[in-house]
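Listed below, chain by chain, are the residues.
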Amino acid sequence: MVSDRRDPFKAKMEMKILDFSGRQLWSKTVPVNMTANTSTEFYKTSTKELVNKMDTTQIVFSVKLMDGSKLIASNLSYFSSPKDLKLPKPTISKVVAVSDKGYSITLSSDKLVKDLYLNTEENGQFSDNYFDLLPGEKVTVTFKTKEKVENFGDKLKLFSLTDSF
């Protein structure tokens, strides 16, 4: 772990291996006592020991750094290259609401979504784009625009790695 904070902090690192439907196959939580402006190793194991006999084309490694219930940072890693992943076709739900600066888009999925890309022909900017979405988790993205767009949700297109094959 790397910290560029000026003060030390305490947190917990939650590590999980999930299949692409969200089923937890392995987990470990490690306390973190991070020194200011340093890098520190808090957990070490071999990939072979970690994945054991799991099918590496159907799992994802999730790490979340938590301060109580507050998410400080998160990362997903894969044990196979994207072209070798056996990705299921996800059903993505979206809820679009008008916000004071444009639109708020809340996304969730029943399966892992690899490389989710949001697109629209409308003028504006997404707060985030091209990310992975874990099954059962909700992510809210904003679309900043000064224009009012009729039926914006219908004009919003979602693409992922599974759409490329």
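Each remark here, short or long, concerns the structure printed above.
For clarity, every value in this text was computed on a predicted model and none was experimentally measured.

Student: Teacher, can you tell me more about unusual backbone geometry here?
Tutor: Trans is the prevailing form of peptide bonds, just as negative phi is the prevailing case for residues other than glycine. Within the chain, Asn-37 stands out as a residue other than glycine whose phi angle is a positive 50 degrees. What makes Asn-37 exposed here is its relative accessible area of 58%. With phi around 55 degrees, Asn-151 is a residue other than glycine that occupies positive phi space. Topologically, Asn-151 is positioned in the loop between strand 10 (139–144) and helix 2 (152–155). Overall, the relative accessible area of 47% leaves Asn-151 in the partly exposed class.

Student: Sorry if this is basic, but what is going on with the sheet that holds strand 1 (residues 9–19) here?
Tutor: Pairing between the strands of a sheet comes from backbone hydrogen bonds, and it takes one of two forms, parallel or antiparallel. Spatially, the four strands line up as an open sheet ordered 2-1-3-4, and their pairing is antiparallel. The open sheet has two edge strands, strand 2 (24–34) and strand 4 (70–78), and neither has a second partner. When the angles between neighbouring strand axes are averaged without regard to direction, this sheet yields 15 degrees. Sheet topology note: the strand 3 (residues 59–67)/strand 4 ladder contains eight bridges and is antiparallel. The residue bridging Met-66 from the neighbouring strand is Leu-71, located in strand 4.

Student: Even after reading the chapter, I still don't get the side chain of Thr-145, so can you show me in this structure?
Tutor: On the secondary structure map, Thr-145 appears in the loop between strand 10 and helix 2. For Thr-145, the side chain forms a polar contact with the main-chain oxygen of Asn-123, separated by 2.7 Å. In contact with Thr-145, other than residues within four places in its own chain, are Lys-101, Gly-102, Tyr-103, Asn-123 and Gly-124.

Student: Whenever I open this one, the pairing of strand 6 (residues 102–109) confuses me. Can you help?
Tutor: Regular strands place their side chains on alternate faces of the sheet. Counting buried positions over the eight residues of strand 6 gives seven, a clear majority of the element. Connecting strand 5 (residues 92–99) to the antiparallel partner strand 6 that follows it, the hairpin turn spans two residues. Sheet topology note: the strand 6/strand 10 ladder contains six bridges and is antiparallel. Within strand 10, the residue paired with Tyr-103 across the bridge is Phe-143.

Student: Mind showing me how you'd approach the layout of surface pockets here?
Tutor: Over the atoms, a rolling probe the size of a water molecule traces out where space has been left empty. Counted as a void, the largest pocket has a volume near 440 Å³. Along the walls of the largest pocket sit 26 residues, with Met-1, Val-2, Met-13, Val-63 and Leu-65 positioned nearest its centre. Of all elements in the fold, only strand 1, helix 1 (47–51), strand 3 and strand 4 reach the threshold of two or more residues within the lining of the largest pocket. Split by residue class, the lining of the largest pocket holds 14 nonpolar, seven polar and five charged. Here the second largest pocket defines a volume of roughly 300 Å³.

Student: Can you walk me through the pattern of salt bridges in this structure?
Tutor: Note on pairing: side chains with opposite charge can pair once their charged atoms come close. Within this structure, the stated rule accounts for nine salt bridges. The partner of Glu-14 in a salt bridge is Lys-12, with the nearest N and O atoms 3.4 Å apart. In this structure, Lys-89 engages Asp-163 in a salt bridge whose closest nitrogen and oxygen atoms are separated by 2.7 Å. Within this pair, whereas Lys-89 is found in the loop between strand 4 and strand 5, its partner Asp-163 is found in the segment after strand 11 (157–159), the two being separated by 74 residues in sequence. On the basis of relative accessible area, Lys-89 is assigned to the exposed category, the value being 55%. A single network of salt bridges, built from pairs that share partners, joins Lys-114, Asp-115 and Asp-132.

Student: Help me understand a nonpolar patch on the surface, please; the structure alone is not making it clear to me.
Tutor: On the surface, Tyr-117, Tyr-130 and Phe-159 cluster together to form a nonpolar patch covering roughly 330 Å² of accessible area. By the secondary structure assignment, Tyr-130 is in the loop between strand 8 (125–126) and strand 9 (131–133).

Cut-offs used in this document
Residues numbered from 1 in each chain as written. Predicted model: local features only at pLDDT ≥ 70, side-chain atom pairs only at ≥ 80, totals over all residues. Heavy atoms only, no water. Buried < 20%, exposed > 50% of the residue type's maximum accessible area, 1.4 Å probe, protein only. Helix = DSSP H or I, 4+ residues; strand = E, 2+ residues; numbered from the N terminus. Pairing = 2+ DSSP bridges. Axes fitted to C-alpha atoms, helices over the stretch in contact; angles between N-to-C directions. Polar contact = N/O pair within 3.5 Å; in protein donor to acceptor, adjacent residues only side chain to side chain. Contact = heavy atoms within 4.5 Å. 1 Å grid on protein atoms, 1.4 Å probe; cavity = no way out; pocket = protein on both sides within 12 Å on 5 of 7 lines; lining within 4 Å. Points joined across faces, edges and corners; volume = space filled by probe spheres on them. Nonpolar A, V, L, I, M, F, W, Y, C, P; charged D, E, K, R; others polar. Salt bridge = Lys/Arg side-chain N within 4 Å of Asp/Glu carboxyl O. Patch = residues over 30% accessible without salt bridge, like charges linked within 9 Å, V, L, I, M, F, W, Y side chains within 5 Å. Areas by Shrake-Rupley, 256 points an atom, 1.4 Å probe, with all protein chains shown as cover.

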